[in-house]
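# Reading the structure
What follows is each chain in one-letter form.
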Amino acid sequence: MASSSPPQTHPPRQQAPPPPFAAAQNPTAQGPLPAAFSNLQISRGAPPPLGAPRAGLTPQPAPPAFAARPTPPGAAARPAFPGSPPAPPFVRALTAQPAPPFAAASQQPLPPFGVSPGAVSQPPPPLRGPPGAVPQPQPPYGGPPGAAPQAPRPLGGPSAAASQAPPFGGPPGAASQPPPFGVPPAGGSQPAPPLFGGPRPTFPGQPAATAVTSSQAVPPSFGASQQSAPPYGGPPQFGAPRPGGQPPFAAQSAPMSQQPPYMGPPRANAPSFPPQPWHTQGAGSAAMQQPMRMPGMPGSMPLNTLGQGVPPPGTPTIPYSPHAGTQVSTPSKIDPNQIPRPMSESSVIIYETRQGGQATIPPAPSSEFIVKDTGNCSPRLMRCTVNQIPCSGDLLTSSGMPLALMVQPFCLPHPSEEPIQLVDFGEIGPIRCSRCKAYINPFMRFVDQGRHFICNLCGFSNDTPREYMCNLGPDGRRRDADDRPELCRGTVEFVATKEFLVRDPMPAVFFFLIDVSMNAIQTGATAAACSAISQAISDLPEGPRTMVGIATFDSAIHFYSLKRAQQQPLMLIVPDVQDVYTPLQTDLILPVSECRDNLEQLLESIPNMFENNRVADSAFGAAMKAGFLAMKSTGGKLLVFQSVLPSLGVGSLSAREAEGRSNILTGDKEAHKLLQPIDNTLKTMALEFAEYQVCVDVFLTTQSYVDIASISVVPHTTGGRVYYYYPFSALSDPAKLFNDLRWNISRPQGFEAVMRVRCSQGLQVQDYFGNFCKRVPTDIDLPAIDSDKTVMVTFKHDDKLQENSECGFQCALLYTTVYGQRRIRVINLSLPCTSTLSNLFRYADLETQFACFLKQAANGIMTSPLLRIREEATNTCINILQSYRKNCASVSSSGQLILPEALKLLPLYTLALIKSVGLRNDGRLDDRSYWASLVSSISVVLAVPLVFPRLIPIHDLTARADDDSLIPSPLMLNSENISEDGVYLLENGEDGLIYVGSTVNPSVLEQMFGVSSLAALPSQLVLEQFDNELSRKVNEVVNEIRRQRCSYLRLRLCKRGEPSGDFFRSFLIEDKTPTGFSYVEFLVHVHRQIQSKMS
């Protein structure tokens, strides 16, 4: 039968500027450390599967940097904020009454991303431009921005009518200067930060084949060397070396004609210590075979699949001296450099997800890689804790490792990657298995000349629809397989048909709710919120379906009608905070194009309207409920700015902090209950919000306890998140507030989503973890889902899997784009099954497993004492290493601590976890609750930095060569690397602590902070750029980190002898603390526990 023509496919335009993931560098060993081992040897196995990119596979062109779009009509002139004269006093009434007149404000262009109103640039493009434009070839990776039509079409734009608008990530014609990260809108207090560097240099050819000596998972690389940073939202750097930069390990390249096919990236690099007389040994009996050579690379092995024909890994062994006995403090004879630590990666990896019909090992999440989807999805979208699936539950249990997926459906792609293809099957809808309802994918097998297809998940044989029939080729594949994205790509997007619609797709609704109680007004939180909203309005998705509304609240709720016909907004007051209602059924939420001017006038006037407010109470819960009632018919995003503990109305809370401190200090075993919501009121409210597709984000601009444990239930259940600014500073925090809000509304996201993960027979989904609402066991409801959110899915065995077969996983996400189009994003991953325990350890994914442990710990602190959570984390580490020692290692000496190559950093990261803010006994309840809420949806790439931060010296940046990486190599996290004549930046993706030593050269202080002595340093830091080289480089480093982390780093000064200095030193993970081990002591502890279990 002749093949039918494939359905039309539309590669969607990229949805957002791809701010990169953390491209980290790794510490190098420095200085002696106390240790309890008399000697240490690392025995390693065969070389890793490593190869150069396949001939002809060069990095793909990158789209231009996040550039400005033309100012929409009606938005050219904007009132300056603040600056309007005070509004006359008003009197509250029970009936609707007009708000006081608004004085005309001086008109000037809206400031760009975080720039003070004086420095004006074009606003950024929308999240998704209108579709219809056919994607053109992208410019070379890292090259200059091209013309707008060259950018790829975004996913799910509206109809082709508006094809003139620039795409998201592409400039309209001539590239205008992208705006930098924000500074406080208060004009003149400090200059705007510089832009994030210029265009990225063209990528210099293919990465060379790198010679390394391990075959296992790469530890996360912290701070890999960077090129000059692009504007925020520009192409991620991911740690590519600057021209002339040298990788931290030996590299050898074969001639192009001899380069072997690329068969997957290396999964580990040699630790950063000098050559030692290592033993070479494998893991278990499987290590007997000899390494095979790969053409063009002496001594290396064919690397194409997950373990096929590749010997098991070597095992770092850390022998400890029997003479030391139980003495941890015995003088050490080991080289401290031999303790496993993270390594940097500097090469760009071109990663093909499958080679030769088999899965390849994904690169480390923190490395820079360009994915070529050849059947499996990008590891950014979905990755597994192990890259070979155990055939039985007993095998998984004996390993001690978890079996889980980390799913990040809207993750930001590398700019050189192809966009996800959009497939439209018309009225018949996507082809699915009639038994398990899995969607068509590359692993479904067609038989009987294409008349039937066998589901790769449940094994059921389905009839092929007549219109989808196609003959098979000699290889058994359909002849049109390579022309159909759904048959050759791991990730595709289908146009949803009517059967997937319960109602018409919802519009993009953004409702702002602002606290105007006395405390919020006096601390400047209300003014900061109004300023942030006013500047961010231009970043809302453009089009008639984007709608906005606004309300304020203290002990009552004030709605505002923004109809264009009115000369000024109309205030409508709801005084009943026990049984709330909306004063109008219409006119509270309007298309932004119809009410922009009135909204900007209102935002400018709110701080003045309430400047004499003496109402201290806050009806937070009632205000949320009222906002929800206004949005109930549409759904959307409710963005709440809250400053004090909710004290009035439905959902009011009481102060539990004093009680919590006394209980924790006295060792009360029930103290963890203070991390639980105080009652079910807000949870019940959140479930109703989620049912009507309302997502809540809460911005806590506070200087006191606000009971985040209770408040966070609402964003956690509705797919939102908590943003926390404590203690709020009107000087330094408005810039972060604005940038957080701007990214929240402009990042890639979808609405009214439902997600389900399916897997092969033999496994079943055990549970989901993340920010969502779960009403049925199989699905999770997500009122909103965005590029920062990750969902963890755990699995358990219900039957045995067949060895040498593959286990399939499929995530299906049904959602509505910001332009009102219903889509189904389908993400597929197929991994080989194994009955060999050593293969589980060989192909373990360290960072994904650690993200799993981190989320489990955060989930547990509400139900168990902190001591038990710390013990469980330690025991998990011990059990995994003990299983490897018992079942896989061939070393017989009991005096050796043996670490599997793929998991050699597990003890270090476990120590970092048990010393983290969330698991310490000291600290505030709100800090711990915020940590838990942040972890619940954190991505794999940010999980390790959150507890194992990056430490960078910044006092000597001018001494570094221009061709060095932008960010200096990080230091190991111990006090020996902290000199009192230096200045250091420690960042974890959320906060940046700047430690100023007690004997810093006054000239360094003058250049960096504009003061000549420590005593003159301000308590609240606003990083300004002064006219000198050091200041410029410090700002470049900070801005580059902000770009990498997709987060506007909140900076804080720390000095020795002050509480801030002690707080800084609490992040030096390798140091001994009064209540915790040093790194070496922790290794000794782990080793002794393993010995105890073995005996």
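From a predicted model like this one, the values you see are computed outputs, not experimental measurements.

A few words now on the overall build of the chain. Across its full length, the chain carries 21 helices and 39 strands. Among the 1095 residues that make up the chain, the fraction classed as buried is 64%. Taking contacts inside the chain between residues at least 6 apart in sequence as the whole, the part at least 24 apart equals 80%. Summed over its atoms, the accessible surface of the chain is roughly 37,000 Å², and 52% of this surface lies on carbon and sulfur atoms.

Let's shift gears to the environment of Ala508. You can see Ala508 is positioned in strand S21 (residues 508-515). Residue Ala508 is classed as buried on the basis of its relative accessible area of 0%. Through-space distance from the C-alpha of Ala508 to that of Val818 is 5.6 Å; in sequence the pair is 310 residues apart. Excluding its chain neighbours within four sequence positions, the residues that come into contact with Ala508 are Arg545, Thr546, Met547, Phe751 and Val818.

A word on the sheet that holds strand S15 (residues 404-407). Backbone hydrogen bonds are what pair the strands of a sheet, in a parallel or an antiparallel way. Here we have four strands laid out as an open sheet, ordered S13-S15-S32-S30, and antiparallel in their pairing. The sheet terminates laterally at strand S13 (382-384) and strand S30 (763-769), the two strands that pair on one side only. Here the strands of the sheet are splayed against their neighbours by 25° on average, with no regard to which way each runs. Inspection of the sheet shows S15 paired to strand S32 (residues 791-797) by four bridges, in the antiparallel sense. The residue of S32 that forms the bridge with Val407 is Val791. Seen against the sheet, helix H13 (residues 846-860) touches S13, S15, S30 and S32 and runs at an angle of roughly 90° to S15.

Our next topic: helix H21 (residues 1079-1094). Here H21 is 16 residues long and its end C-alpha atoms lie 23 Å apart, about the 22 Å a rise of 1.5 Å per residue gives. Taken residue by residue, H21 has Tyr1079, Val1080, Glu1081, Phe1082, Leu1083, Val1084, Val1086, His1087 and Ile1090 as its buried positions.

Let's shift gears to the confidence of the model for the chain. For the chain, per-residue confidence averages 76 on the pLDDT scale, and 67% of positions sit at 70 or higher. Low pLDDT (under 50) marks residues 1-334, which in the prediction has 993 contacts with non-local residues, meaning those over four places away or in another chain.

Spatial ordering of the open sheet is given by S17-S18-S19, a layout of three strands whose pairing is antiparallel. Each having just a single partner strand, strand S17 (445-447) and strand S19 (461-463) make up the two edges of the open sheet. Put simply, the sheet's adjacent strands are angled 35° from each other on average, direction ignored.

Per the stated rule, a full pass over the model turns up 34 salt bridges. The partner of Glu806 in a salt bridge is Arg354, with the nearest N and O atoms 3.1 Å apart. Linking Glu806 in strand S33 (residues 806-816) with Arg354 in strand S10 (residues 354-355), this pair joins segments that are 452 residues apart in sequence. By relative accessible area, Glu806 is classed as partly exposed at 28%. By relative accessible area, which is 9% here, Arg354 ends up buried. The closest approach of N and O atoms between Arg747 and Asp786, which form a salt bridge, is 3.0 Å. Here Arg747, found in the loop between helix H11 (734-746) and strand S29 (749-759), pairs with Asp786, found in strand S31 (residues 779-786); they are 39 residues apart in sequence, far enough to count as distant. Of the residues examined, Arg747 reaches a relative accessible area of 1% and is grouped as buried. Taking the relative accessible area as the measure of exposure, Asp786 reaches 2% and is therefore buried.

What follows concerns unusual backbone geometry. Cis geometry marks the peptide bond from Tyr726 to Pro727; its omega dihedral reads -15°. Residue placement: Pro727 occurs in the loop between strand S28 (722-725) and H11. The phi angle at Lys437 is positive, at roughly 70°, despite the residue not being glycine. Looking at the secondary structure, you find Lys437 in the loop between strand S16 (421-423) and S17.

Most of strand S37 (residues 983-987) sits inside the fold, with five of its five residues counted as buried. Side chains Val983, Leu985 and Glu987 project from S37 onto one buried face, and the interleaved Tyr984 and Leu986 project onto a second face that is buried too. Direction of pairing for S37 relative to strand S38 (residues 991-996): antiparallel, over a ladder of five bridges. Note on S38: the bridge partner recorded for Val983 is Val996. Taken together, S37 and the strand that follows it, S38, pair antiparallel across an intervening segment of three residues, in which Gly989 is found at a positive phi of about 90°.

Looking now at the packing of helix H18 (residues 1002-1009) against helix H19 (residues 1029-1045). With their axes 7 Å apart at the nearest point, H18 and H19 run at an angle of 60° to one another. In terms of orientation, H18 and H19 fall into the oblique class. The chirality of how H18 crosses H19 is right-handed. From H18, Val1004, Gln1007 and Met1008 reach across to H19, where they touch Leu1030, Ser1031 and Val1034. Among the residues making up the contact of H18 with H19, the classes are represented as four nonpolar, two polar and no charged.

Reading the values: rules and limits
Residues numbered from 1 in each chain as written. Predicted model: local features only at pLDDT ≥ 70, side-chain atom pairs only at ≥ 80, totals over all residues. Heavy atoms only, no water. Helix = DSSP H or I, 4+ residues; strand = E, 2+ residues; numbered from the N terminus. Buried < 20%, exposed > 50% of the residue type's maximum accessible area, 1.4 Å probe, protein only. Contact = heavy atoms within 4.5 Å. Areas by Shrake-Rupley, 256 points an atom, 1.4 Å probe, with all protein chains shown as cover. Pairing = 2+ DSSP bridges. Axes fitted to C-alpha atoms, helices over the stretch in contact; angles between N-to-C directions. Expected span 1.5 Å × (residues − 1). pLDDT = per-residue confidence, 0-100. Salt bridge = Lys/Arg side-chain N within 4 Å of Asp/Glu carboxyl O. Parallel < 35°, antiparallel > 145°, perpendicular 65-115°, else oblique. Left-handed = near helix turned anticlockwise from the far one by under 90°. Nonpolar A, V, L, I, M, F, W, Y, C, P; charged D, E, K, R; others polar.

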